[in-house]
Amino acid sequence: MPELPEVETVVRDLRPLLVGRALGAARRSAFALRRPWDDAWDDALADRRVVGLRRRGKWIVVDLDDAARLQVHLGMTGRLTVHPADEAVAVHTHLAFPLDDGRELRFNDARRFGSAAYFADEAALQAFFAAQKLGPEPFDLDPAAWWRDLHGTSRMLKPVLLDQTVVAGVGNIYADEALFEAGLRPTRRGSGVTRAQAEKLRRAIVAVLTRAIERRGSTIRNYVGGSGLGGGYQDEFRVYGRTGEPCPACKGPVRHLRLGGRSSHYCPHCQG
DNA sequence: ACAGGATCCTGGGGGC
DNA sequence: TGCCCCCAGGATCCTG
């Protein structure tokens, strides 16, 4: 569910609520997340103070005062939110850290595709990202490298955009929206894209993500920011989830197709 | 290298 | 009201 704009919104919401706060002993649910929690992490995290929050791709990183890092991925249905400690705990809450201000940081994830992990220092965290071969941030994409990546693959553009080793943070919604913005079909082969088209696509990715961040991301079902407030970009979708509805440009029907198990939405007239 | 399918899960919506 | 099937902002693993 959460892609780059949603994760960025969570980080921005949580920053004022968490920085300066100390974490108490974590409470955990009996369910395992995608990556199992190591019991040793409980002691390592207890009483640590939060000094910063940031995003890398779709990953949330909480910086702690002993240089350790708490890393969270929201998967499809994850929520990372702060609540009054006495507020009822929602079902599917898998991690809860009491804060020293009477509140609580809670990680809730119905489908449990998300994860949370501890890293002793920045080097360990970066080693993890390196092992994942996590690609560059969309805003930092080097135009020449991006074109080489596209030109050098016979894969279709849609799966390339979803590939976190090529560019980090783009997911199903913003891939479709960026391809529409660039006038390129999801099925176009990377190797068949001109340099100008690659640049148009790169700029479309940046524009769509920037606008979505301004709107606090997209709320379709589960997603909320760190303060519990949802997003508004779903009101600006031009093709995503709009199968059969008129294309905002040519008024022809938006089409749907399945690529790599994911839904893709596009306008056959405007996207060549 | 790449495509497609299955898998991990729960919940909501549509059709009957 | 109930059931069954399909779908979902992600990622990974296996097969052909």
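Fair warning: this is a prediction, and the values are worked out from it, not measured in the lab. Along each chain, residues carry numbers from 1 onward, in the same order as the chain's sequence is written. Working convention: letters from A go to chains and numbers from 1 go to ligands, in the order in which they are written. Given that this is a predicted model, residues contribute local features only at a pLDDT of at least 70 and side-chain atom pairs are listed and counted only at 80 or more, while totals for whole chains, interfaces and linings are drawn from all residues. Heavy atoms from the whole structure form the basis of all side-chain values; hydrogens and water molecules are not counted.

A. Structural context of the overall build of chain A. Here a strand is any run of E in DSSP of at least two residues, a helix any run of H or I of at least four, and the numbering for each starts at the N terminus. Of the regular secondary structure elements, chain A holds seven helices and 10 strands. We compute the radius of gyration over the C-alpha atoms and compare it with the globule rule, which gives 2.2 Å times the number of residues raised to the power 0.38. Scaling as 2.2 N^0.38, a compact globule of 272 residues should have a C-alpha radius of gyration of about 19 Å, and chain A matches this with 20 Å. With the principal axes as the frame, chain A shows a C-alpha extent of 55 × 35 × 30 Å. Each of the 272 residues in chain A was classed as buried or not, and the buried ones make up 51%. Contacts in chain A between residues far apart in sequence, at least 24 positions, make up 66% of those at least 6 positions apart. Per-residue accessibility takes into account occlusion by the displayed protein chains alone, with areas from the Shrake-Rupley method and a 1.4 Å probe. Counting only carbon and sulfur atoms, one obtains 51% of the accessible surface of chain A, whose full area is about 11,900 Å². Exposure is judged per residue with a 1.4 Å probe applied to protein chains only, and the accessible area is read against the type maximum: over 50% gives exposed, under 20% gives buried, and values in between give partly exposed. Between two residues, a contact is recorded if the distance between any of their heavy atoms is within 4.5 Å.

B. Geometry of the protein's contact with DNA strand B. Proximity is defined per residue: any heavy atom of the residue falling within 4 Å of a molecule or strand makes that residue near it. Every residue near DNA strand B is listed here: Arg34, His92, Ala110, Arg111, Arg112, Phe113, Thr153, Ser154, Arg155, Met156 and Arg189. Here DNA strand B approaches the protein such that, of its atoms within 4 Å, sugar and phosphate make up 65%. What qualifies as a polar contact is a pair of N or O atoms within 3.5 Å, subject to a donor-acceptor requirement within protein and to the restriction that residues adjacent in sequence count only when both atoms come from side chains. A distance of 3.1 Å separates a phosphate oxygen of DNA strand B from a polar backbone atom of Ser154.

C. Focus on the packing of helix H1 (residues 4–18) against helix H7 (residues 195–214). All axes are obtained by fitting lines to C-alpha atoms, using only the stretch in contact for helices, and the reported angles, taken between N-to-C directions, cover 0 to 180 degrees. Packing of H1 against H7 leaves a shortest axis separation of 9 Å and a crossing angle of 40 degrees. By the angle between their directions, the pair H1 and H7 is classed as oblique. Crossing handedness for the pair H1 and H7: right-handed. Residues Leu4, Pro5, Glu8, Thr9 and Arg12 of H1 pack against Leu209, Ala212 and Ile213 of H7. The scheme is simple: roughly parallel for angles under 35 degrees, roughly antiparallel for over 145, roughly perpendicular for 65 to 115, oblique for anything else. Handedness of a crossing is defined here by the sense of rotation of the near helix relative to the far one, left-handed for an anticlockwise turn of less than a right angle and right-handed for a clockwise turn.

D. Highlighting empty space enclosed by the protein. The pocket and cavity definitions rest on a 1 Å grid over protein atoms only: a 1.4 Å probe that fits but cannot leave marks a cavity, an open set with protein on both sides within 12 Å along at least five of seven lines marks a pocket, and residues lining either have an atom within 4 Å of a point. Grid points are joined across faces, edges and corners, and a volume is the space filled by probe spheres set on the points. This structure, assessed with the given rule, holds one cavity of 30 Å³ or more. Considered as a void within the structure, the largest cavity measures approximately 50 Å³ in volume. Elements that contribute at least two residues to the lining of the largest cavity include exactly strand E4 (69–73), strand E6 (93–98) and strand E7 (103–109). Along the lines of polarity and charge, the residues of the lining of the largest cavity split into nine nonpolar, no polar and one charged. Residue polarity follows a fixed list, in which Ala, Val, Leu, Ile, Met, Phe, Trp, Tyr, Cys and Pro are nonpolar, Asp, Glu, Lys and Arg are charged, and the others, Gly among them, are polar.

E. Main features of the environment of Ala124. With respect to the helices and strands, Ala124 occurs in helix H3 (residues 122–132). Residues Ala124 and His269 lie 145 residues apart in sequence; the distance between their C-alpha atoms is 48 Å.

F. Up close: the sheet that holds strand E8 (residues 115–119). What the four strands build is an open sheet, ordered E2-E3-E4-E8; its pairing is antiparallel. If you trace the sheet from one side to the other, it starts and ends with strand E2 (50–56) and E8, each paired once. With direction set aside, neighbouring strand axes in the sheet form an average angle of 20 degrees. Two strands are counted as paired when DSSP detects at least two bridges linking them. By the bridge criterion, five bridges tie E4 to E8 in an arrangement that is antiparallel. Bridged to Leu70 within E8 is Tyr118.

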